[in-house]
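Examining the three-dimensional arrangement
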Amino acid sequence: MDDQGPARSPGRQVTSGLIKLSMVLRHQAWQESGKRGLTPTQSQVLAVVAALGRGVTVSSVAQHLSVTKGSASVAVSALEEKDLLRKMADPSDGRVVHLVLTRTGRREAQRSTQWPEVVVQSIGALPDTEQGGFLRGLIGVIRNLQEQGAIPTSRMCTECRFFRPNQNPGQDKPHHCNFIDAAIADADLRIDCAEMEPADADVRPQLLEALFSGHSIDPTRDPDPQGGTRP
Ligand code: SF4
């Protein structure tokens, strides 16, 4: 390998591409939030409070966004001042404070969860198989970052007790989601699914391994012996 070798490694090339993408995303986030008088962090806080629903605290927001509790707290105070969010004491434990969106906050949260259209279109222009491959790769990277504690746990298919990778080998939709009881393609895999329920900790690596190896998970080590079917 010459001196340029390491810099040309696929890992570094992909990282370089991700950095370019993150610059576009950051620019879009500032532009979109700025139009509404919010910072990107304030926008993200609204989106997280809306996504997590009840019982959200400053700590859970900070954990979800991978920011310090201090940064989350500053953003929450600014959102309170803008009447987009309120703090409410837990009726059963006054020491715990929950974050609740106001009506205007709910509307803003909806806008905050809209994807940057320029990026969505660019990815959507790829063939379906490439989009699926891209998504699989991202899921693998996110999983590895989770393992290192670099990002919080995501509600992904590869963590979910309903996921059956490669249950339909050779088909356009090789996987199966037991929650909706339907076959799903790589491009249908989810990174933040509201219906996700965690599989047992020892099973989660097997789900990822099965997804990448093209094998279905060993039925004798079924991720959910009770069937993992929709409640
Ligand atoms: S419930 Fe959601 S996360 Fe779980 S397998 Fe189905 S689509 Fe994936």
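For the structure given in this document, a descriptive report is provided here. All values derive from a computational prediction rather than experimental measurement.

A look at the site of the ligand
Lining the immediate environment of the ligand, one finds Cys157, Cys160, Phe162, Phe163, Cys177, Phe179, Arg190, Cys193, Glu195 and Met196. Among the residues making up the shell around the ligand, the classes are represented as eight nonpolar, no polar and two charged.

Thoughts on the nonpolar core
Ranked by internal contacts, the top residues of the largest apolar core, which has 20 residues, are Ile139, Cys160, Phe163, Ile184, Leu189, Val203 and Leu207. The set of elements that each furnish at least two residues to this core consists of α8 (128–147) and α9 (204–213). The next biggest cluster of nonpolar side chains, apart from the first, holds 19 residues, and it includes Val45, Leu65, Ala75 and Leu84.

Quick look at helix α4 (residues 58–65)
Of all the positions in α4, only Val58, Ser60, Val61, Ala62 and Leu65 are classed as buried. Packing partners of the buried residues in α4 comprise α3 (40–52), α5 (69–81) and β2 (93–101). The positive-phi residue at the C-terminal boundary of α4 is Ser66, with phi of around 55°.

Points about the pattern of salt bridges
Scanning the model with the defined rule gives eleven salt bridges in all. Residues Lys35 and Glu32 are paired through a salt bridge, measuring 3.0 Å at the closest nitrogen-oxygen approach. Of the two residues, Lys35 and Glu32 are both situated in helix α2 (residues 10–35); the distance of three residues between them amounts to about one turn of the helix. Residue classification places Lys35 among the exposed residues on the basis of a relative accessible area of 62%. Taking relative accessible area as the criterion, Glu32 reaches 36% and is therefore assigned partly exposed. With a closest N to O distance of 3.3 Å, Glu108 and Arg111 form a salt bridge. In this pair, Glu108 and Arg111 both sit in helix α6 (residues 103–112), three residues apart, roughly one turn of the helix. By relative accessible area, which is 43% here, Arg111 ends up partly exposed.

Rules and cut-offs
- Residues numbered from 1 in each chain as written.
- Predicted model: local features only at pLDDT ≥ 70, side-chain atom pairs only at ≥ 80, totals over all residues.
- Heavy atoms only, no water.
- Near = heavy atom within 4 Å.
- Nonpolar A, V, L, I, M, F, W, Y, C, P; charged D, E, K, R; others polar.
- Core = buried A, V, L, I, M, F, W, Y, C linked by side-chain atoms within 4.5 Å.
- Buried < 20%, exposed > 50% of the residue type's maximum accessible area, 1.4 Å probe, protein only.
- Helix = DSSP H or I, 4+ residues; strand = E, 2+ residues; numbered from the N terminus.
- Contact = heavy atoms within 4.5 Å.
- Salt bridge = Lys/Arg side-chain N within 4 Å of Asp/Glu carboxyl O.

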